[in-house]
Amino acid sequence: ALLDRRLASWTDVNTGTIDQEETALTNQSKTLDNRATTIDARLERRRASLMAQFNQMEVAIAKLQSQSASVLATLQPKTS
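Okay, so let's go over this structure. (Residues numbered from 1 in each chain as written. Predicted model: local features only at pLDDT ≥ 70, side-chain atom pairs only at ≥ 80, totals over all residues. Heavy atoms only, no water.)

**Let's talk about the overall build of the protein chain**
Then comes step 1: Within the protein chain one finds 2 helices and 0 strands.
Then comes step 2: Taken over the C-alpha trace, the protein chain has a radius of gyration of 33 Å; the compact-globule value for 80 residues is 12 Å, which it surpasses by more than 25%.
Then comes step 3: Structurally, the protein chain occupies a C-alpha span of about 115 × 15 × 10 Å along its principal axes.
Then comes step 4: Counting only residues that meet the buried cut, the protein chain has 1% of its 80 residues in that class.
Then comes step 5: Split by element, the accessible area of the protein chain, about 7,400 Å² in all, is 59% carbon and sulfur.
Then comes step 6: Separation between the mean location of the 10 positive side-chain charges and that of the 9 negative ones in the protein chain comes to 17 Å. (Helix = DSSP H or I, 4+ residues; strand = E, 2+ residues; numbered from the N terminus. Rg over C-alpha atoms; globule rule 2.2 N^0.38 Å. Buried < 20%, exposed > 50% of the residue type's maximum accessible area, 1.4 Å probe, protein only. Areas by Shrake-Rupley, 256 points an atom, 1.4 Å probe, with all protein chains shown as cover. Lys, Arg positive; Asp, Glu negative; His and termini not counted. Charge placed at Lys NZ, Arg CZ, Asp CG, Glu CD.)

As structure tokens, then:
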């Protein structure tokens, strides 16, 4: 009888210790999955932002190199 009561307290559906632990672990797993999804989305936005900044920097460098070449060309002595 005591063993039956103990087993019932562990295994009873919805109120048993095992069921409550399973529910708690399932909820914790869902919470962690949601956090991971949120972090992944934030990282993707950050990656996209950094890629855009990098591309803008590349364009700026190309313009500076072109301007530098033009300035150097005007400073070169002309030979005829």
